[in-house]
Structures are given as C-alpha cells and as structure tokens.
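Each chain, letter by letter, is given below.
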Amino acid sequence: MTNNDNMTISHDAVMLECQAAGSDWRVLPAFLPVPGLGGLAVNAFLLKGAEPVLVDTGLATLGEAFVEALEAEIDLDDLRWIWLSHTDADHIGNLARILERAPRARVVTNFLGMGKMGMLGHDLSRVQLLEPGARLELGDRSLVPLRPPYYDAPETLGFFDTRSGTCFAADSFGALLPETATPLEEVDADALHDGLVAWSSIDAPWLATADREALGRTLSSLRRLEPTTLLSGHLPVACQGVERLTALVHDAWCVGPSSGIAPDSMEAVAAEHGLGSRGPVMPSSI
C-alpha cells in the first residue's frame, strides 16, 4: 500500500487462491485493502468431511467470485452446514446466495445470531439453533462451540474440532498486514505485532479496559487446548501452535496499563465536558 499521489490505491477486496488449512480444512481467502494501514484478510473455511461445513460466507462484494471459489472445492448439493461465527457483513455477505444453491445446507448459530438474522431479513426456516452446552455432531467429529478470547459481536461462536485439533477463533488474532498471502510463519515479528494491535484496537477497543487477569486466563486456556491449527477470520492460517499469537495479545493487552485514552472514550468526554469543567448546574428559569 502507498500514499503516493501518482499511484492508484484499490479499495476493492480480491479473492485469492484456495489453500490448505491443516490436514482437514480449506481456507477461502480474500484480501481487503485498508488504505494507509495495509490490508485485512477476510477468510471463510471449508471442512470436506463426512458432513461438509462452510464457516462464514465472505464479503457480498465478492459475490460470484466467492461462490465460484467454493464450487471449485465442493458440489454445493453436498454442503450440509453453514457455521456462522457472527452476523457482521464481512461474515454473512453471501449467505442467501449460497443457501439458494445448497438445498441441503442448514445454518448453525445461537439464539442471538438467529435473532439478528431475522432482523436482517434472512430466512430462518433452515437455522439449526445451537443451544448452550450443545455441539455440532458431524459423524466423524464434533465441533465444540467456544467463546474466542475477544470479539466484536456478542453472538460470536468459535469452535474446537475434536478430530483434527483445529480451533476457529472468529475475529480473534486478526491483524492488518502488508502482504496478501504471506504464510503467517514468515510474517515479520514487528509487522505482526503492530498489525494485530492495530486491528484489535479497531475491532475490539474494549480490550484497553478489559480485566487483564481474566484475559490472561482465557489465553492460557487456549494454549492448554493445544490446537494443531488456528483459524482466524482475519489472519493467515497459523499451523505452528498458538504460543506466538497468544503471547502477542498478552503483551499488548495484559501487561501494564493501556497507553493513551481514546478521544471518544467516556473518560475523555467526561474530562472535557463533564460537570467539573462546567461548574455547578443551575436550575432553569421559569
């Protein structure tokens, strides 16, 4: 990316070549340029197992390019499940289009996710409601729902694949990066740190005021799962454990106080416009 006035900066997402994600999963990656900041991966994932599962449905602006990439991997007549991490536009952009072409597929979400789908005008007749404590049984494995370490929508559902050891962390660990398809293990350490902090500051700004001990315990629990592969909606696939990523989040958000106060935070607005800066409130005249 560049700010050079002589060069054209594309704001359009591009569909990239499908890739392996560990031993059982495929990633359908896209790259969304973010002028001045690099770009953001926007991933969907496909399990081609006994009961094929699509995780998220990409950006609506990709439209047919996304569907064509999916159809190159699987006959949509065979697709059984669509797991929605949450109902943000970059995760459900092609949901209706895919449901039209995948007659056997059902949508997996929780109660809040189903409610948001309804408010967005989606057909709820093919929703498989995942109740608290339930898991998705797929014949050769289970997908165990889990709450990722951080997220931007309360209905967010990640999962742990009991057969492959794959963990899907939804928006957690997303990062703004300069390259479209660099393997995560080859990303420069400083670039990954800065990109992860930059994106989480945008997507989950509440991390700056989070309970640091509670967040640290969550990150430790993820490490104890020892996933073989970590899938994030906004990061290249991580195939060498989670230690590097959890350490980056821990160092960024669990060590010491947050630096600076956002100008739109309650603290900043109260400091500038609160009672202390205006003096006592006088009763209005009649």
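Refer to the structure printed above.
Residues numbered from 1 in each chain as written. Predicted model: local features only at pLDDT ≥ 70, side-chain atom pairs only at ≥ 80, totals over all residues. Heavy atoms only, no water.

J.: Can you walk me through the layout of surface pockets in this structure?
T.: Where empty space is left becomes clear once a probe the size of a water molecule has been rolled over the atoms. Of the voids in this model, the second largest pocket is the one considered here, and its volume is about 240 Å³. In terms of lining, the second largest pocket is formed by 24 residues, of which the most central are Gln 19, Thr 182, Leu 235, Pro 236 and Val 237. Counted by class, the lining of the second largest pocket contains 17 nonpolar, 5 polar and 2 charged residues. (1 Å grid on protein atoms, 1.4 Å probe; cavity = no way out; pocket = protein on both sides within 12 Å on 5 of 7 lines; lining within 4 Å. Points joined across faces, edges and corners; volume = space filled by probe spheres on them. Nonpolar A, V, L, I, M, F, W, Y, C, P; charged D, E, K, R; others polar.)

J.: Would you take a moment to explain the packing of aromatic side chains for this structure?
T.: Aromatic ring pairs are reported here in terms of the distance separating the ring centres and the angle at which the planes meet. Taken as a whole, this structure holds 6 aromatic pairs when the rule is applied. Here Trp 83 and Phe 159 contribute two aromatic rings whose centre-to-centre distance is 5.1 Å and whose plane-to-plane angle is 75°, an arrangement assigned as edge-to-face. Pair noted here: Trp 83 is in strand β6 (residues 81–83) and Phe 159 is in strand β11 (residues 158–161), with a separation of 76 residues, a long-range link. Of the two residues examined, Trp 83 and Phe 159, each falls in the buried class. Following the ring pairs from residue to residue traces out a cluster consisting of Trp 25, Phe 45, Trp 83, Phe 159 and Phe 168. (Phe/Tyr/Trp six-rings, centres within 6.5 Å; stacked < 30°, edge-to-face > 60°. Helix = DSSP H or I, 4+ residues; strand = E, 2+ residues; numbered from the N terminus. Buried < 20%, exposed > 50% of the residue type's maximum accessible area, 1.4 Å probe, protein only.)

J.: Teacher, can you tell me more about the side chain of Arg 126 here?
T.: If you trace the backbone, Arg 126 turns up in the loop between α4 (111–119) and β8 (127–129). Although Arg 126 is buried, it forms no salt bridge, and the closest oppositely charged side chain is Asp 123 at an N-O distance of 5.8 Å. At 2.4 Å, the side chain of Arg 126 and the backbone oxygen of Ala 102 are in polar contact. The contact partners of Arg 126, leaving out residues within four places of it in the chain, are Leu 99, Ala 102, Pro 103, Arg 104, Ala 105, Arg 106 and Val 107. (Lys, Arg positive; Asp, Glu negative; His and termini not counted. Salt bridge = Lys/Arg side-chain N within 4 Å of Asp/Glu carboxyl O. Polar contact = N/O pair within 3.5 Å; in protein donor to acceptor, adjacent residues only side chain to side chain. Contact = heavy atoms within 4.5 Å.)

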